[in-house]
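The chain contents come next:
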Amino acid sequence: GMFALVFERGSGTIAEHLVPSDALMSPSWRQRLAWVDDLAAAMHYLHVEMHPPVVHRDICDANLIMFPDGSARLGDFASSRAVDASHRHTHVVR
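Residues numbered from 1 in each chain as written. Predicted model: local features only at pLDDT ≥ 70, side-chain atom pairs only at ≥ 80, totals over all residues. Heavy atoms only, no water.

Right, let's talk about the pattern of salt bridges for a bit. Pairing between side chains of opposite charge can happen when the charged atoms of each approach one another. Tallying each qualifying case throughout the model produces one salt bridge. Arg-73 is paired through a salt bridge with Asp-69; the nearest N and O atoms lie 4.0 Å apart. Among the residues examined, Arg-73 registers a relative accessible area of 29% and is labelled partly exposed. Taking the relative accessible area as the measure of exposure, Asp-69 reaches 59% and is therefore exposed. (Salt bridge = Lys/Arg side-chain N within 4 Å of Asp/Glu carboxyl O. Buried < 20%, exposed > 50% of the residue type's maximum accessible area, 1.4 Å probe, protein only.)

In structure tokens:
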């Protein structure tokens, strides 16, 4: 089979939208919660709906890409890994 890698061009990262150069353009709390919902949906898809599940391993403000329609999407999967679905333990590294 043939695979294609598709890149979508966003309108910046979430960090750029949370701290805009113009304070009047700061996003509303409703918009911020919509971004959290977008991220939660992406993580649910990766962890639950993918077979095998995928762990992103680098969720940070630089990897949350914003789009003109107001949505946020998870990007940069360079360090992501597929995991054995039988492993259900989570470890937090600080």
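After that view of the structure, there is still more to cover.
Along the chain, the position of Ser-26 falls in the loop between helix H1 (14-18) and helix H2 (29-49). What makes Ser-26 partly exposed here is its relative accessible area of 37%. Side chain to side chain, Ser-26 and Arg-32 meet in a polar contact 3.1 Å long. (Helix = DSSP H or I, 4+ residues; strand = E, 2+ residues; numbered from the N terminus. Polar contact = N/O pair within 3.5 Å; in protein donor to acceptor, adjacent residues only side chain to side chain.)

Before going further, it helps to spend a moment on unusual backbone geometry. Cis geometry is found at the peptide bond from His-51 to Pro-52, where omega equals 5 degrees. When you line up the elements, Pro-52 lands in the loop between H2 and strand S1 (54-55). Of note, Arg-57 is a non-glycine position whose phi angle comes to about 70 degrees, a positive value. Arg-57 sits in the exposed class, given a relative accessible area of 54%. The backbone of Asp-76 sits at a positive phi, close to 55 degrees, despite the residue not being glycine. Here Asp-76 is to be found in the loop between strand S3 (72-74) and strand S4 (81-82).

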